[in-house]
Amino acid sequence: MSLEEYMSELKGQIRDKSAGMLVSDEISAHIEEQAELYRQTGMDREAALSKAVEDMGDPVSVGADLDRIHRPHMEWRYLIFIMFISALSIVIQYLIAGEMDSRTITGNVFYDISRRHIIGILAGIITMFLVYRIDYTVLLGRSRLIGGIFMAVVTLIAAAFGFRINGSSGIIRIGFVSFSLRALMMVYIPVFAGILYELRGKDKRVMAQIVFWMILPVISTFFTGDLSIPSALFILFAETVLIFIAVHKNWYGINKKIVYGGFSAAFAALIMAGIAFIYRLNTYQSARFANWLSNLGIGSGITDDTGINYINARLGRVFACSAVIGKSDEAVGIMSDLPGYWSDLVVGSTAAVCGLIMVAGIIICMLALAMYMIIISARQKNSLGYITGCACGIVVALQSISNIMIVFGLLPMTGSSLPIFTSSISFSIVDYAMIGMVLSIYRYKDIRGDRSQQNIRNGGKQEITA
């Protein structure tokens, strides 16, 4: 059997095409090395090559064994955990709707709130599996192109079809379809991780390019008129963490201490500038921020619980009077009067309806999910998968931590969402897309090596070897 026939038979047993190319390169190289050893003993090239091919064994058996090694994987524990949290969120939203919504169930019609949440969960799960089926290495060599096109399209659509509700939370509406611009911007963070990977090995001027791609989302929201300081800080903080990860892996050959210190100082300066800007507004937002600082013992803002501090004071009362397990009628009565009890403030509603033990369980689940996503990603052989998966985990972690801290009064009251438990369909879709990306990275963990990656386009096809 010739080498070409052997390799064709062997590759036919391997279901993943990229894995087949990877295996083909490695086996061919091994056969060539063995043939060269035979040639050194006096055999001619054809005989040596034929003997080396024979030594490899039956191509069908070898190919089947390699297919088992290089087959796509599903992280079932991770998926089961996701499904558990999803089911838990549906139950909690259903209980919240039953206790706080004045509408009743008629036949098979769910409460409006729980029905909307179920739609968001189902849409999110579908998105998760669609992203899972996509090879994440589509970002390889294309991250800047994808990032540029994404931001240009989002900016144009937001400028043409965007509007604001109550002066906040930019919404894009095309026909009957609406989507949160703030949720959409989070999609850029894993793309930015791919850009960091793409720029590795460049000269020291690479930091200027990194800064440009880092602030691009902020520039976009500035042009669309939906510049939100909390959203901008969220994106910039997530991107800064990713830059620290890339620098720690020595991708750019620059002084780590200078980068860590420079970006930390720049981020601190942005926070101070944001605070100064808020104070200069002389509006409800600045008064609310000053009041939050006074609650933390900073400054001398008004601390009454009837005006600016109303929501924080009410939430504090909810947690104070909530039962350890089960419903508290007093807490339910307070939460029913607060806006966003089914979305931004769902943690408070959970305390009122289900008790403090359930709140602790939700917090543990969400932090465990974020850590699980980061750990899965950190164990990948492929550096692109590593930093992209970490980006997804960081998004979920920051969302969870910021929402929990806002509800407990540790951060200023602003728009936020708790992944999976929120009733926002937009955020549900984006959060499940992040989860699906990590599943995709795990799926190809034994196929996409990082020993040597090339992005070779031949007739529009991409070849990845390891």
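Scroll up to find the structure.
The structure reproduced in this document is the subject of the present report. Treat the numbers as computed from the prediction; the structure is a model and nothing was measured.

What about the overall build of the chain?
Here is step 1 of the chain: Each helix and strand counted, the chain has 19 helices and 5 strands in total.
Here is step 2 of the chain: When burial is assessed residue by residue, the chain has 48% of its 466 residues classed as buried.
Here is step 3 of the chain: In the chain, of all internal contacts separated by at least 6 residues, the share reaching a separation of at least 24 is 69%.
Here is step 4 of the chain: About 22,200 Å² of surface is accessible on the chain, with carbon and sulfur atoms providing 63% of the total.

A word on the packing of helix 5 (residues 76-100) against helix 17 (residues 356-378)
Think of two packed helices as two axes; the pair is described by the angle between the axes and how far apart they sit.
Here is step 1 of the chain: Running from N to C, helix 5 and helix 17 point in directions that differ by 150°, and their axes come no closer than 11 Å. The angle between the axes of helix 5 and helix 17 places the two elements in the roughly antiparallel class. Judged by the sense of rotation from one axis to the other, the crossing of helix 5 with helix 17 is left-handed. Between helix 5 and helix 17, the residues in contact are Arg 77, Tyr 78, Phe 81, Ile 82, Phe 84, Ile 85, Leu 88 and Ile 92 and Met 358, Ile 362, Cys 365, Met 366, Ala 368, Leu 369, Tyr 372, Met 373 and Ile 376, respectively.

Quick notes on helix 15 (residues 329-336)
Here is step 1 of the chain: Of all the residues in helix 15, the buried ones are Ala 331, Val 332, Ile 334 and Met 335. The arc that holds the buried residues of helix 15, viewed along the axis, is 165°, so those residues lie on one side.
Here is step 2 of the chain: The secondary structure elements touched by the buried residues of helix 15 are helix 5, helix 14 (310-321) and helix 16 (346-354).

Here we look at the pattern of salt bridges
Here is step 1 of the chain: Counting across every chain of the model gives 5 salt bridges.
Here is step 2 of the chain: The salt bridge involving Glu 36 is made with Arg 39; its shortest N-O contact spans 3.7 Å. Linking Glu 36 with Arg 39, this pair stays in helix 2 (residues 17-39), spanning 3 residues, or about one helical turn.
Here is step 3 of the chain: Note on Arg 39: relative accessible area 39%, which makes it partly exposed.

A short note on the packing of aromatic side chains
Here is step 1 of the chain: All chains considered together, the criterion is met by 6 aromatic pairs.
Here is step 2 of the chain: Ring plane angle 35° and centroid distance 6.4 Å describe the contact between Tyr 188 and Phe 192, whose orientation is recorded as tilted. Remark: Phe 192 and Tyr 188 occur in helix 9 (residues 188-198); sequence separation between them is 4 residues, near one turn of the helix. Here the two residues Tyr 188 and Phe 192 agree in accessibility, since each one is buried.
Here is step 3 of the chain: The ring of Tyr 197 carries Arg 200 above its face, with NZ or CZ at 3.8 Å from the centroid.

Focus: unusual backbone geometry
Here is step 1 of the chain: Unusually for a residue other than glycine, Asn 250 sits at a positive phi of about 60°.
Here is step 2 of the chain: Relative to the helices and strands, Asn 250 is located in the loop between helix 11 (229-248) and helix 12 (256-281).
Here is step 3 of the chain: With a relative accessible area of 52%, Asn 250 lands in the exposed category.

What counts, and where the lines are drawn
- Residues numbered from 1 in each chain as written.
- Predicted model: local features only at pLDDT ≥ 70, side-chain atom pairs only at ≥ 80, totals over all residues.
- Heavy atoms only, no water.
- Helix = DSSP H or I, 4+ residues; strand = E, 2+ residues; numbered from the N terminus.
- Buried < 20%, exposed > 50% of the residue type's maximum accessible area, 1.4 Å probe, protein only.
- Contact = heavy atoms within 4.5 Å.
- Areas by Shrake-Rupley, 256 points an atom, 1.4 Å probe, with all protein chains shown as cover.
- Axes fitted to C-alpha atoms, helices over the stretch in contact; angles between N-to-C directions.
- Parallel < 35°, antiparallel > 145°, perpendicular 65-115°, else oblique.
- Left-handed = near helix turned anticlockwise from the far one by under 90°.
- Arc of directions from axis to C-beta.
- Salt bridge = Lys/Arg side-chain N within 4 Å of Asp/Glu carboxyl O.
- Phe/Tyr/Trp six-rings, centres within 6.5 Å; stacked < 30°, edge-to-face > 60°.
- Lys NZ or Arg CZ within 6 Å of the ring centre and 35° of its normal.

These results come straight from atomic positions and should not be treated as a statement about function.
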